[in-house]
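# Structure at a glance
Here is how the chains run, residue by residue.
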Amino acid sequence: MLKSDTWRAVLVSVSLLVIFLGLWQLSTPAPQAEEALSEYELLMGGADQEARVPSPSEIIGLAIRELSNPFYDAGPNDKGIGIQLAWSLYRVLTGFGLAALIALPLGFLIGMSPMMYKALNPFIQVLKPISPLAWMPLALFIIKDSETSSIFVIFICSIWPMLINTAFGVAGVRKDWVNVARTHELGPMQTAFQVILPAAAPTILTGMRISIGIAWLVIVAAEMLVGGTGIGYYVWNEWNNLDLTSVIFSILMIGIVGMLLDLALASATRLVTYQE
Amino acid sequence: MQPHFLEIKSLAKRFPTKDGELTVFEDVSFGLERGEFVCIIGHSGCGKSTILNVLAGLDAPSDGEVLMAGKEVRGPALERGIVFQNYSLFPWLSALNNVIFGVAARWPGWSKTRVREHSLRYLHMVGLKDGAEQRKPSQLSGGMRQRVAIARAFAIEPKLLLLDEPFGALDALTRGTIQDELLKICAETHQTVFMITHDVDEAILLADRILLMTNGPQARIAESVRVSIDRPRERGSIVHDPGYYPIRTHLVDFLVSRSHELSGSANSGAPGSGHQGPPRIVDPAQAARGASNAKDKASSNAIAQATSHTAGHSTSNANSATGYRAAESGSLLRAVNL
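An account of the accompanying structure is given in this report. All values reported here derive from a predicted model rather than from experimental measurement. (Residues numbered from 1 in each chain as written. Chains lettered and ligands numbered in written order. Predicted model: local features only at pLDDT ≥ 70, side-chain atom pairs only at ≥ 80, totals over all residues. Heavy atoms only, no water.)

### A few points about the pattern of salt bridges
All names here are of chain B.
- In total, this model carries 22 salt bridges over all chains according to the counting rule given.
- The shortest N-O distance in the salt bridge between Glu36 and Arg209 comes to 2.8 Å. In this pair, Glu36 sits in the loop between β2 (20-32) and β3 (37-41) while Arg209 sits in strand β9 (residues 209-213), placing the two residues 173 residues apart along the sequence. The two residues Glu36 and Arg209 agree in class, both being buried.
- Salt bridges here are not isolated pairs; linked through shared partners, they connect Glu223, Asp253, Arg258 and Arg280. (Salt bridge = Lys/Arg side-chain N within 4 Å of Asp/Glu carboxyl O. Helix = DSSP H or I, 4+ residues; strand = E, 2+ residues; numbered from the N terminus. Buried < 20%, exposed > 50% of the residue type's maximum accessible area, 1.4 Å probe, protein only.)

### A look at the sheet that holds strand β4 (residues 63-68) of chain B
All names here are of chain B.
- As summarised here, the arrangement of the four strands in space is β2-β1-β4-β5, forming an open sheet in which the pairing is antiparallel. Edge positions in the sheet fall to β2 and β5 (71-72), since each of these pairs with one other strand and no more.
- Of the pairings in the sheet, the one linking strand β1 (residues 6-17) to β2 comprises nine bridges and is antiparallel in character. By the bridge assignment, Leu6 is partnered in β2 with Leu32. (Pairing = 2+ DSSP bridges.)

### Concerning the nonpolar core
- Trp216 of chain A together with Leu6, Val28, Phe30, Ile51, Phe194 and Met213 of chain B are the most contacted members of the largest nonpolar core, which totals 95 residues.
- Here this core gets 15 residues from one element, more than from any other, and that element is helix α9 (residues 188-226) of chain A.
- Taken domain by domain, the makeup of this core includes at least three residues from each of domain 1 (6-79 + 158-337) and domain 2 (80-157) of chain B.
- Residues in contact with Val28 of chain B, not counting those within four places in the same chain, are Ile8, Lys9, Ser10, Leu11, Ile51, Met213, Arg220 and Ile221 of chain B.
- Formed by 59 residues, the second largest nonpolar core is a distinct cluster that contains Ile100, Ile150, Leu182 and Leu205 of chain B. (Core = buried A, V, L, I, M, F, W, Y, C linked by side-chain atoms within 4.5 Å. Domains from an automatic or database assignment. Contact = heavy atoms within 4.5 Å.)

### Focus on the sheet that holds strand β8 (residues 193-196) of chain B
All names here are of chain B.
- Strand order in the open sheet made by the seven strands is β6-β7-β8-β3-β9-β10-β11, with mixed pairing throughout. Looking at the sheet topology across the chains shown, the edges are occupied by β6 (80-83) and β11 (280-282). Within this sheet the neighbouring strands show an average axis-to-axis angle of 20°, counted without direction. (Axes fitted to C-alpha atoms, helices over the stretch in contact; angles between N-to-C directions.)

On their own, these measurements won't tell you what the molecule is for.
See the structure below:
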C-alpha cells in the first residue's frame, strides 16, 4: 500500500516535470534559420539581437557541458560551476561554523539561566530581525576585506536560529532528567554533556538546519553584492552577459546544493532524535 | 533512645503567596530503621512528594532537618536512589545504558565490563532479558520501563531507596507483578525503602509501617500504622490474614473521613501547642487479634489503650474510637470466615 503510494507519487512528479518542460520547450520558438552573421553580429560575439528565455533543451545542453568539466579556470570571469559553488560553500560553512561555536555555548548559558535569558533577550530581539545584508557596509568598513565580510554576513544571519533553538531546547529539558543527573552526583560539565546535550540535541539541530538554510539564501545575495567569486557572483555575472541559459542553470544548481545541505542536516537530526 | 537510621525532625515547607505564607506541611517528624519499608499515604496536595524530594536532597525544607546515619542531608547524593512516577529514563539510551549510566556514576573507577555485568545482573533481576535490555524506553511497555527505573535505582545500591508513586501509571495486572518483584528484591537485599503511594492494598502488601498524612494545607503525619503481618507476604494470600482487613479498614477510614477531620487541627487548637514529636503509633491488626481473643465487649476499652502507645494526648478520645472500629471490623472478618 505504502509502496504503491510512493510509486504513484514518483509517477505524478515525473509527469508534471515532463508536461512543464514540454510546454516550456514549445513556447520558446527555435532560433531563426542559420543565416550568415552580419559584420555587426560578429563584432558582438554572435549574440542574438533580442534576448529570449532559453528552451529547456538548451539548458540541459549547457548543464551537461558545465558539469562534465566543473572545475576549469579560464580567468576571473570564466570559472567552472564547481569552483563557484565551492567558494560559496566555503563561505557558508565557515560563517556557519563560527556561528555554531558562539551560538551553542551561549545558547546553553541562556537556556540554563533564566537571569541570562532576561538579560540578553532584548539584544537578541533587536538584532534578530535585521537583514544580514544591512550589516554589509559596516562589515566592509571595519573588516576592510570583502571575503571576510561575506563570511561575517553568513555568521550574523545563521547565529540567531541556532542561539534561540539551543536556549529553547536547553530550557525545555525535563526537570526529571536533570534531577536524575543531580541524584547521581553528576558535575555541571557531565550534566551538560551526558544529559542536557542529548536531551536538547533534536531542537539544537533543528535550529542548525534553519540556520544553514538561511545562510545559503543569504550567500547568493552577499556574493552578488561583493563580487569576485561564488555562485551569487556567477548568477549576476551571467545576467550582465545576458546569458539567461547560464542564469537558469545556476538557479537550478543553487536549489540542488541547498537541498543537499538541508538533507545532510536532516539526517543528522534523525540520528539524535529520540522518542519519548 | 537509639537514634533512627533516618531521622526527620519537625520538617516544614512554606511557600510565599500573595495572601501571605502558605504552609504545605509542618511538624513532620518520623524515623526509619535500617531495612525498614515505610509507605506514606495521603491525599493529593498534602506534600508527600515534597517530603520525598527533601529526603532526596532535591528540595530544601523551610524548617526542620533530615539526618541519615547521623549526618545531615544536604543536596542529592548517590546513597539515596529515587524512582519517579514517570520513569525518568533517558529516552536516547537503551535500557541497559540507562542502568549503566547510574552504575558508572556510582563507581567511576570500575572497568567497562564490570559496569556492564553489574548493570545486566540488576536488569535480569527485574526480569529484563532476551534482548529487551537493548531496546530504547519508547520500545518498552510502561511496566518494563518502570522495571528499568527500579533496576537503575537498585543497581547503585543506595542506603535509602525513595519511590515516588512508582506504580501509579501502570495497569492493575502489571502493577501486581512488579509489586511481587519489588517484594522479592527487598527481601533479598534488605533495602531501606520510603515509598509514596495512593494504593492502600499496595501499602499493606509492601510496608512494615504506613504513615498517614492529614489533608493539606498545614498537613502533618497523624499516625504511624504498624503492619503486623508476617513476611514473606504474597499478594494472593495476604488478604486471608486476619490482620489484613482491620488494617485496610483503618486506612480507608482515615483517608475517607479522618484525614479531613484532622486537617488543620493544629490551628483550631492552641497555636504552637499542636502535635509535636513523632506520630502516634497504631496497630490495627494487633488490636483485632486482641478483640477476637477477648470474649466480652468490655475489653475493647483495653484494646484502645493498647492501640495508643502515646496516650495522654488530647486525642485519646479519637484513639479509643479507632480501636473500637478496628475491633469491630476484626470480628466482622471472623464472622465472614466462619
